[in-house]
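# Close look at the chain arrangement
Next come the chains, spelled out residue by residue.
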Amino acid sequence: MKMDEWNIRRRRFLTAAISASAASLLMRTPLNAMSRGNNMRMRNFRQRKFGMFVHWGPYSQASVEASWPIMVKRDDWPITVPEYQDLATTFNPVNFDPDEWLDLARAAGHKYMVFTTKHHDGYCMFDTLYSDYKITKSPYGKDIVKMLSDACAKRDFPLGFYYSPPDMNHPGFRDMSKPTYDSWHGQPERAEWSSYLDYMELQLSELLTRYGTVDTIWFDGLWGMEKYNGQRFIDLIHRLQPATTVNNRIGTEGDYGTPEQFIPQHIPRRGIDLTGTDPKRYESMSQEIPAIEDFMDWEVCMTINDTWAYNVNDHKYKSADELIRSSVEIFSRGGNFLLNIGPRPDGTIQPEFRERMLAMGKWMSINGEAVYDTLYGPVQNQEGYRTTARENHVFVHVLDWPKGKLNVRGWGKKIASVQLLSDKRPLPFVQNDDGIVIDVAGVKPDSAATVIKVSTV
Ligand code: H79
């Protein structure tokens, strides 16, 4: 799209849509819901715990990673840049059924979904006015974000939008006459840069005014994020939908941290810049358990195999037990778990993902009380078990099942009862100065994690 045409559309949209919908949304939302901390939007975030991340676009046709093959030069990418760009002309997911995705999400125990509306390649999975590189210009022709958001709305299933600030396809982001390899970080020094930020504003406005309630905006700013003037977009989002959460990948602290493909070893505190893919940055985190006011909410995103996009050649699947144990690690430190799938090019979800999700769902259906709406437990950094907590209950997730007796460190409260969560059977226990000794003889442990509910008086 040419700059002039784009500017005309921009003006048209700004004067009409935004002010109307912003006004109506503001009237429905009390202002105190906008402050951070123990507010409504973080309450929802903390309750849901387990979400489904979906990376989907034309790239799913080629079994290549989303966007990266056009960004960084690597000899082993199985696709050239023109071939990648051409995938937009053949994308036709005729078997896409959002209700099937949601049935699976529910069976897996997911309580929210985050969907890629635009990845770094710039391809829009929604019918944006401001680009032609979009789903409604594909052979499929239908607005996938609309279909998904309608289906979610019908079930009251929270839907959030992944939206990439890096955009290889916008002339304001980078000089498009040159290869992407040198400019994929963007070129904020060019005069055109401000037109890119305007483009972001327009598209975020579309996403926040046309698709119902947006649970979160999941930015993925990569490196050098100050160039996006993140606060401008935080303000925009809060103006349009005050209850929407925003992650920390637009150069601002945001509502929650975003470790990617790794699990921090300790509970994060506010002020820590918890993001990216490098666990080494967080090796010296404090082991102390923070007071709730100092706690920083966080969410791990993780793939089931090694790629975000659908890839028929990637067989490095984590087992269901491994995924469950990872989720226990995360929940025990107060985090959420956003587990990714890459749907196939026809819109269906491959059996290897389905099986693992269903196994996780089975575990969640037995142990959900120890997961949803919990926070980090009072006993941390112990061998063999993890804890989560809610009210006067502490849930002990046992990873290494002991012979006969389980020793759990105390936390200064008198214990009233101990039971096996799966069948509610009371377990004999003795409380002493060191903690609690629980008799688990005769209990058949779960292969991933067995949960014991400990209630205090
Ligand atoms: O959308 C998913 C990824 O595409 C994106 N975030 C998740 C949610 C992402 N952000 N950062 N990274 C991925 C890690 C980047 C790793 C890189 Fe590379 C190492 C980029 C360049 C070298 C991996 C290997 C990608 C290209 C080569």
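Look a little higher up for the structure.
### Comments concerning the packing of helix 7 (residues 193–210) against helix 8 (residues 230–240)
Contact pair helix 7 / helix 8: the axes reach a minimum separation of 10 Å and the direction vectors enclose 20 degrees. By the angle class used here, helix 7 and helix 8 are roughly parallel. In the crossing of helix 7 with helix 8, the sense of the turn from one axis to the other is right-handed. Between helix 7 and helix 8, the contacting residues are Leu197, Asp198, Met200, Glu201, Leu204, Ser205, Leu208 and Thr209 on the first element and Arg232, Phe233, Leu236, Ile237 and Leu240 on the second.

### Quick word on the packing of helix 9 (residues 320–332) against helix 10 (residues 351–367)
Relative placement of two packed helices is described by the angle separating their axes and the distance separating the axes. Packing of helix 9 against helix 10 brings their axes to within 9 Å, and their N-to-C directions diverge by 50 degrees. Between helix 9 and helix 10, the angle is such that the two are oblique. Along this stretch, helix 9 crosses helix 10, giving a crossing that reads as right-handed. Listed contacts from helix 10 to Ala320, Leu323, Ile324, Ser327, Val328 and Phe331 of helix 9 are Arg356, Ala359, Met360, Trp363 and Met364.

### Here we look at the environment of Gly230
Locating Gly230 in the fold gives a position in helix 8. Here the alpha-carbon distance between Gly230 and Cys301, two residues 71 residues apart in the chain, equals 21 Å. Setting aside anything within four residues of it in sequence, one finds Gly230 in contact with Ile250 and Thr252.

### Structural notes on the nonpolar core
Soluble, globular proteins show a tendency: their nonpolar side chains are buried together. One finds Trp101, Phe115 and Phe219 to be the most contacted residues of the largest nonpolar core, which totals 105 residues. Broken down by element, the residue count for this core peaks at 9 residues, all from helix 7. Residues contacting Phe219, with those up to four places away along its chain left out, are Tyr163, Pro165, Met200, Leu204, Phe233, Ile237, Val246, Asn247, Arg249 and Ile250. Within the second largest apolar cluster, 19 residues are counted, among which are Ala389, Val396, Trp411 and Val443.

### Considering the packing of aromatic side chains
The description of an aromatic ring pair rests on the distance of the ring centres and on the angle between the ring planes. The tally for this structure, following the rule as stated, stands at 24 aromatic pairs. With a centroid separation of 5.8 Å and 15 degrees between ring planes, the pair formed by Tyr162 and Trp218 is classed as stacked. With a gap of 56 residues between them, Tyr162 in strand 3 (residues 159–163) and Trp218 in strand 4 (residues 216–219) connect regions that are remote in the sequence. Side by side, Tyr162 and Trp218 carry an identical accessibility label, which is buried. An aromatic cluster is present here, built from Trp56, Phe91, Phe96, Trp101 and Phe115 joined pairwise through their rings. The positively charged end of Arg74 is found above the aromatic ring belonging to Trp77, 4.3 Å away from the centroid. Against the face of Tyr372 rests Lys111, its NZ or CZ located 4.5 Å from the ring centre.

### Topic: the environment of Tyr123
By the element assignment, Tyr123 lies in the loop between strand 2 (112–118) and helix 6 (144–155). Residue class for Tyr123 comes out buried when judged on its relative accessible area of 3%. On a C-alpha basis, the gap between Tyr123 and Val94 in space is 18 Å, while along the polypeptide they are 29 residues apart. At a separation of 3.2 Å, a polar atom in the side chain of Tyr123 contacts the main-chain carbonyl oxygen of Lys134.

### Description of the sheet that holds strand 13 (residues 405–409)
With respect to topology, 3 strands assemble into an open sheet ordered 13-16-15, the strand pairing being antiparallel. Both outer strands of the open sheet, strand 13 and strand 15 (429–431), are each paired with one neighbouring strand and no more. Looking at each pair of strands side by side, their axes are set apart by 15 degrees on average, direction ignored. Strand direction decides the pairing type here: strand 13 and strand 16 (residues 435–439), joined by 5 bridges, are antiparallel. Counterpart to Lys405 in the pairing with strand 16 is Asp439.

Rules and cut-offs
Residues numbered from 1 in each chain as written. Predicted model: local features only at pLDDT ≥ 70, side-chain atom pairs only at ≥ 80, totals over all residues. Heavy atoms only, no water. Axes fitted to C-alpha atoms, helices over the stretch in contact; angles between N-to-C directions. Helix = DSSP H or I, 4+ residues; strand = E, 2+ residues; numbered from the N terminus. Parallel < 35°, antiparallel > 145°, perpendicular 65-115°, else oblique. Left-handed = near helix turned anticlockwise from the far one by under 90°. Contact = heavy atoms within 4.5 Å. Core = buried A, V, L, I, M, F, W, Y, C linked by side-chain atoms within 4.5 Å. Buried < 20%, exposed > 50% of the residue type's maximum accessible area, 1.4 Å probe, protein only. Phe/Tyr/Trp six-rings, centres within 6.5 Å; stacked < 30°, edge-to-face > 60°. Lys NZ or Arg CZ within 6 Å of the ring centre and 35° of its normal. Polar contact = N/O pair within 3.5 Å; in protein donor to acceptor, adjacent residues only side chain to side chain. Pairing = 2+ DSSP bridges.

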